[in-house]
Amino acid sequence: MWFKNLQIYRLPAPWAITSEQLEADLAPHAFQPCSSLDMQSQGWVSPRENGELVYSLNKQILLLLGTEKKLLPTTVINQVTKIKAAEIEEQQGFKPGRKQMKELKEDVTDELLPRAFSVWRQTWVWIDPVNGWLVVDAGSPAKADEVLKLLIKSIEKLPMEALHVAQSPVAAMTEWLLADTAPSGFTVDQDTELRSNSEGKATVRYVRHTLEAEDVQRHIASGKQCTRLALTWADKISFVLTESLTIKRVTPLDVIKENADTTAQNDEERFDSDVMLMTGELSRMLADLVQALGGEIEKK
């Protein structure tokens, strides 16, 4: 069990909250399936399907947001509305007006919703109250915002804030490539993106391609900056760092897999082992990455 993407936020370290407190805070916002007239429903679900909304192990916490969304394409609504509008026109002798069409479209939507298919999505949250990390496994800030909104609604005065570092990822990644030197504890891999700040936003991407120092330095000299860079930390975890300080494509390498607990007897034990391994390694990796970006600074 490993997160694929890391949207990173800060909590006080240590953060004094118990699993019992958190469970009580989340309970009023537990997931409820969509009713026949709901387009979407979101809420907290049990990470281990045991009825508990908070998974806690070795002072590490996992939460899980469940989202159910009805699939009702606009084209289908418009098509049915058009048919019904034609029937009304034939009955009353003239086309429905704008207000009547709006009401008709709403009626059609209500009629079709109970028959719409549902899609289910889960979003993981990792809270490290010891080291002060709050991490959402989401590929985009918009998806993370869905989680944070409900988290803020669930926990009164949640002491969360953005992560602020001394050097922007763009400046740091560009500097590393220009110097052809990775920060301590990291190695540069074969994927990167260089983008110009000019009006045309000229972009060069390397995908699984050796980064020749002279080529990269020439692009930087022409005004491009690094906006994405693939890195490996401590020969254990590979990932892609983006300009917004989002970490994507997190992949544990063989040395991590070799350290996985092979004595686990069942799924529960394997899950526990994976969580302990993941949270321990990611916590250390995040600390090293913050250091590589000049250290953490307080927002003024």
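- By the naming in an unreviewed UniProt entry, the protein chain goes by Recombination-associated protein RdgC and is assigned to Herminiimonas aquatilis.
- Under the heading Sequence similarities (unreviewed entry), UniProt records this for the protein chain: "Belongs to the RdgC family."

1. Section: the overall build of the protein chain
So, step 1. Counting secondary structure elements, the protein chain contains 8 helices and 12 strands.
So, step 2. Computed over C-alpha atoms, the radius of gyration of the protein chain comes to 25 Å, more than 25% over the 19 Å expected from 2.2 N^0.38 for 300 residues, which places it beyond the range of a compact globule.
So, step 3. Principal-axis analysis of the C-alpha atoms places the extent of the protein chain at approximately 75 × 55 × 45 Å.
So, step 4. Counting across all 300 residues of the protein chain, residues that qualify as buried make up 43%.
So, step 5. Summarising the internal contacts of the protein chain: among those between residues at least 6 apart in sequence, 68% fall at separations of at least 24.
So, step 6. Put simply, the protein chain shows about 16,700 Å² of open surface, and 49% of that area lies on carbon and sulfur atoms.
So, step 7. The distance from the centre of the 34 positive side-chain charges to the centre of the 44 negative ones in the protein chain is 8 Å.

2. Notes on the sheet that holds strand β12 (residues 247-252)
So, step 1. The 5 strands lie next to each other as β9-β8-β10-β11-β12, forming an open sheet whose pairing is antiparallel. Taken across any chain shown, the strands that pair with only one partner, and hence form the sheet edges, are β9 (203-206) and β12. The mean inter-strand angle of the sheet, taken between neighbouring strand axes irrespective of direction, is 15°.
So, step 2. Of the pairings in the sheet, the one linking strand β10 (residues 224-233) to strand β11 (residues 237-242) comprises 6 bridges and is antiparallel in character. Bridge pairing in β11 places Leu229 opposite Leu241.
So, step 3. In the packing of helix α8 (residues 267-292) onto the sheet, the strands contacted are β8 (186-196), β10, β11 and β12, and the crossing angle to β11 comes to about 45°.

3. Digging into the pairing of strand β5 (residues 117-128)
So, step 1. Pairing between strand β4 (residues 60-71) and β5: 11 bridges, direction antiparallel. Its bridge partner being in β5, Thr67 is matched across the sheet by Arg121.
So, step 2. Direction of pairing for β5 relative to strand β6 (residues 133-136): antiparallel, over a ladder of 4 bridges. Bridge assignment links Trp126 to a residue of β6, and that residue is Val135.
So, step 3. Between β5 and β6, which pair antiparallel one after the other, the connecting turn spans 4 residues, and Gly132 there sits at a positive phi close to 80°.

4. Considerations on helix α5 (residues 169-179)
So, step 1. Along α5, the residues classified as buried are Pro169, Val170, Ala172, Met173, Thr174, Trp176 and Leu177.
So, step 2. Directly after α5, the chain includes Asp180, whose backbone phi takes a positive value near 55°.

5. A closer look at the environment of Thr192
So, step 1. Along the chain, Thr192 falls in strand β8.
So, step 2. Leaving out residues up to four positions away in the same chain, Thr192 has contacts with Leu177, Val204, Arg205, Tyr206, Leu211, Cys226, Arg228 and Leu229.
So, step 3. One polar contact links the side chain of Thr192 to the main-chain carbonyl oxygen of Arg228, over a distance of 2.8 Å.

6. Focus on the nonpolar core
So, step 1. Ranked by size, the top nonpolar core spans 48 residues in total, and within it Leu6 and Ile247 carry the most contacts.
So, step 2. Per-element accounting of this core gives the leading share, 10 residues, to α8.
So, step 3. Ranked by size, the runner-up nonpolar core spans 24 residues in total, among them Val54, Ala138, Val147 and Ile155.

7. Digging into a nonpolar patch on the surface
So, step 1. Taken together, the side chains of Leu71, Phe117 and Val119 define a hydrophobic patch exposed on the protein surface, amounting to about 320 Å² of accessible area.
So, step 2. On the basis of relative accessibility, which here comes to 45%, the residue Leu71 falls in the partly exposed class.

8. Topic: the packing of α5 against helix α6 (residues 213-221)
So, step 1. Direction vectors running N to C along α5 and α6 enclose 130°, while the axes themselves pass 8 Å from each other. Taken as axis vectors, α5 and α6 run oblique relative to one another. α6 is crossed by α5, and the crossing has left-handed handedness. Touching Thr174, Leu177 and Leu178 of α5 are Val216, Gln217 and Ile220, all from α6.
So, step 2. Classifying every residue of the contact of α5 with α6 gives 4 nonpolar, 2 polar and no charged.

Conventions we followed
Residues numbered from 1 in each chain as written. Predicted model: local features only at pLDDT ≥ 70, side-chain atom pairs only at ≥ 80, totals over all residues. Heavy atoms only, no water. UniProt positions renumbered as here; feature names shortened; annotations may be inferred. Helix = DSSP H or I, 4+ residues; strand = E, 2+ residues; numbered from the N terminus. Rg over C-alpha atoms; globule rule 2.2 N^0.38 Å. Buried < 20%, exposed > 50% of the residue type's maximum accessible area, 1.4 Å probe, protein only. Contact = heavy atoms within 4.5 Å. Areas by Shrake-Rupley, 256 points an atom, 1.4 Å probe, with all protein chains shown as cover. Lys, Arg positive; Asp, Glu negative; His and termini not counted. Charge placed at Lys NZ, Arg CZ, Asp CG, Glu CD. Pairing = 2+ DSSP bridges. Axes fitted to C-alpha atoms, helices over the stretch in contact; angles between N-to-C directions. Polar contact = N/O pair within 3.5 Å; in protein donor to acceptor, adjacent residues only side chain to side chain. Core = buried A, V, L, I, M, F, W, Y, C linked by side-chain atoms within 4.5 Å. Patch = residues over 30% accessible without salt bridge, like charges linked within 9 Å, V, L, I, M, F, W, Y side chains within 5 Å. Salt bridge = Lys/Arg side-chain N within 4 Å of Asp/Glu carboxyl O. Parallel < 35°, antiparallel > 145°, perpendicular 65-115°, else oblique. Left-handed = near helix turned anticlockwise from the far one by under 90°. Nonpolar A, V, L, I, M, F, W, Y, C, P; charged D, E, K, R; others polar.

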